[in-house]
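# Per-entry structural report
Residue-level listing of the chains:
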Amino acid sequence: MSSSLVHESAAVADRRNGAQPDTSDADCPPAQPGPSTLSVHGGEARDKAFHSVTTPIVQTSTYTFRDTAALVEYMEEHMFWDEPQRDEYGRYGNPTVRAVEARLAALENGDDALLTPSGMSAITGTLLVFLSAGSHLVCTIDCYRRTRDFIQTILSRYGVEATVVPSADLQAIEDAIQPNTRLIFSESPTNPFMRCLDLEGLADIGRRRGIRTAIDSTFATPLNLRPLDYGIDLVIHSVTKYLAGHNDVMAGAVIGKNGLTAPLRQMHGILGSVIDPQTAYLVGRGLKTLGLRIERQNANGLAVAQYLENHPRVRRVWYPGLSSHPDHAIAAAQLRGFGGVVSFEIEGDGEQTGRFIDALRIPYIGPSLGGVESLVEQVQLVSYYDADPEKLDALGVSPSLVRLACGIEDAADIIADLEQALTMS
Ligand SMILES: *Cc1c(COP(=O)(O)O)cnc(C)c1O
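For the rest of this paragraph, the subject is a nonpolar patch on the surface. Taken together, the side chains of Leu381, Val382 and Tyr385 present a nonpolar region at the surface, about 310 Å² in accessible area. Structurally, Leu381 can be placed in helix α15 (residues 379–383). Classification of Leu381 by relative accessible area gives partly exposed; the value is 40%.

Here is the structure:
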């Protein structure tokens, strides 16, 4: 292996990048590189084109063959399911994209990752691959809103049935299983209340009942949680958030083991939702600092949550690192850090909440999370502007619910800003 961080995908990445295999195993790698090391080096070819330290952006739509014999050789490899040693056409693969995929696979401890142009494209692709007419799916009520929309308004048109169960409730999930259930889809931690699911328990249900399990782990990142290690089949990310981390690109990913990503890759080659190499490069660049960023965001989230919990104008805080959170026990057992997102309700009505948000000087008002800049939103206005009061009640979203997604600024500055805004408004 030419990489000192040996990973199956690294060998594939090396070959795809045209590196010569180095068979010496003189430099013995650490058995389990830490997450920050994997953020920088995981799955990456040691020798890159032109001796570049960075992975080059291979800006091409197609790949050429020297002669007919080379084309025939490629087709033979391809037909017999050998991992082809090169690319053929942009919709089926790109070396820059592959390098990022290998790093994501290493970070999640998976065999393979598929990088997609958005989180939603990773989610819709996964649901389309593992479900078909007549099959049934179980998901939780606090799934990302567009995921639920896709399940309830689009998949239903194609004869896929779904049961939506309450948050973080393994018993409800198991009770919803039918003979035709093919997939259990959930998130952990969830938005906006950061509910956490016992992933070991979920994987156990999946194994016992012969049903695949998929977890949207966007809020955790592989730095805080590795669902595959608990036996979950597929991990999904909105890479747009923490993984890319700079509020500047959209991307998604699905990571798995045991060949589960192969049908997804094929499906994406047909659906055509491919990420472009420039964007993939920015994702790969963002990933390099993931370890540092998440450490800071975990610390900021916890400090802000603790500050808010003790503030007289704050009614309630939802943060899995607080012992007041309903899922604190499972969060403490399974999460390495609790993330940068804090939801809280302040005293007063929706208008007062708006005044509080307007008085903040550091976070920008806007949807999304996970980037270096802190973002704040009045949850009802951003995510549920058109929802009726009954639905909001069912989801527990009140007009005074605020979601603060901490960036990487200094915790003391974010807290001072919250203090002045709570006093002013
Ligand atoms: C943002 C988000 C998505 C959607 O991802 P996009 O990159 O915006 O398409 C899915 N799941 C969760 C949990 C998210 O936060």
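Here we come to the environment of Gly339. Its location among the elements puts Gly339 in the loop between α13 (328–334) and β9 (341–346). Judged by its relative accessible area of 3%, Gly339 falls in the buried class. Residues Gly339 and Cys406, spaced 67 residues apart in sequence, show a C-alpha to C-alpha distance of 8.7 Å.

This next bit is on the site of the ligand. Inspection of the region around the ligand gives 14 residues, with Met120, Asp216, Ser238, Thr240 and Lys241 positioned closest. The separation between an oxygen atom of the ligand and a polar main-chain atom of Met120 is 2.8 Å. The separation between an oxygen atom of the ligand and a polar side-chain atom of Lys241 is 2.7 Å. Contact with the protein chains removes 93% of the 380 Å² of surface that the ligand exposes when unbound. Looking at which element gives the most residues to the shell around the ligand, the answer is helix α5 (residues 119–130), with three residues. Taken together, the residues of the shell around the ligand break down into six nonpolar, five polar and three charged.

Attention now moves to the packing of helix α4 (residues 95–108) against helix α11 (residues 277–288). At a closest axis distance of 8 Å, the pairing of α4 and α11 adopts a crossing angle of 35°. Seen along the crossing, α4 lies across α11 with a hand that is left-handed. Here Thr96, Val97, Val100, Arg103, Leu104 and Leu107 of α4 lie close against α11, whose contacting residues are Pro277, Ala280, Tyr281, Val283, Gly284, Leu287 and Lys288. By residue class, the composition of the contact of α4 with α11 is nine nonpolar, two polar and two charged.

Moving on to unusual backbone geometry. When glycine is set aside, most residues are seen to have a negative phi, and most peptide bonds are trans. Look at the link from Ser188 to Pro189: it is a cis peptide, with omega at -15°. With respect to the helices, strands and loops of the structure, Pro189 is situated in the loop between β4 (181–187) and α8 (199–209). Positive phi values are uncommon outside glycine, yet Asn109 reaches one of about 60°. As for its placement among the helices and strands, Asn109 is situated in the loop between α4 and β1 (112–116). Even without a glycine there, the phi angle at Thr221 is positive, about 65°. Tracing the backbone shows Thr221 in helix α9 (residues 221–224). You can call Thr221 buried: its relative accessible area is 1%.

The next subject is the domain arrangement of the protein. Segmenting the protein into domains produces domain 1 (98–288) and domain 2 (290–424). Here the C-alpha centroids of domain 1 and domain 2 sit 24 Å apart. Each partner contributes residues to the interface: domain 1 has 34 residues there, and domain 2 has 41 residues. When domain 1 packs against domain 2, close to 3100 Å² is buried across both sides, 55% of that on carbon and sulfur atoms.

The next thing to look at is the side chain of Ser135. Structurally, Ser135 can be placed in the loop between α5 and β2 (136–140). At a separation of 2.6 Å, a polar atom in the side chain of Ser135 contacts the main-chain carbonyl oxygen of Ser132. Non-local contacts of Ser135, meaning those with residues more than four positions away in its chain, are made with Gly159, Val160, Glu161, Asn180 and Arg182.

Overall, the coordinates contain 18 salt bridges when judged by the stated rule. Between Glu44 and Lys288 there is a salt bridge, and its shortest N-O distance comes to 3.1 Å. On the criterion of sequence distance, the pair formed by Glu44 in the loop between α2 (35–41) and α3 (68–79) and Lys288 in helix α11 is long-range, its members being 244 residues apart. By relative accessible area, which is 7% here, Glu44 ends up buried. Notably, a salt bridge pairs Glu174 with Arg209, separated by 3.0 Å at the nearest N-O pair. Linking Glu174 in helix α7 (residues 170–175) with Arg209 in helix α8, this pair joins segments that are 35 residues apart in sequence. Taking the relative accessible area as the measure of exposure, Glu174 reaches 17% and is therefore buried.

What counts as what
- Residues numbered from 1 in each chain as written.
- Predicted model: local features only at pLDDT ≥ 70, side-chain atom pairs only at ≥ 80, totals over all residues.
- Heavy atoms only, no water.
- Patch = residues over 30% accessible without salt bridge, like charges linked within 9 Å, V, L, I, M, F, W, Y side chains within 5 Å.
- Areas by Shrake-Rupley, 256 points an atom, 1.4 Å probe, with all protein chains shown as cover.
- Salt bridge = Lys/Arg side-chain N within 4 Å of Asp/Glu carboxyl O.
- Helix = DSSP H or I, 4+ residues; strand = E, 2+ residues; numbered from the N terminus.
- Buried < 20%, exposed > 50% of the residue type's maximum accessible area, 1.4 Å probe, protein only.
- Near = heavy atom within 4 Å.
- Polar contact = N/O pair within 3.5 Å; in protein donor to acceptor, adjacent residues only side chain to side chain.
- Nonpolar A, V, L, I, M, F, W, Y, C, P; charged D, E, K, R; others polar.
- Axes fitted to C-alpha atoms, helices over the stretch in contact; angles between N-to-C directions.
- Left-handed = near helix turned anticlockwise from the far one by under 90°.
- Contact = heavy atoms within 4.5 Å.
- Domains from an automatic or database assignment.
- Buried area = accessible area lost by both parts, 1.4 Å probe.

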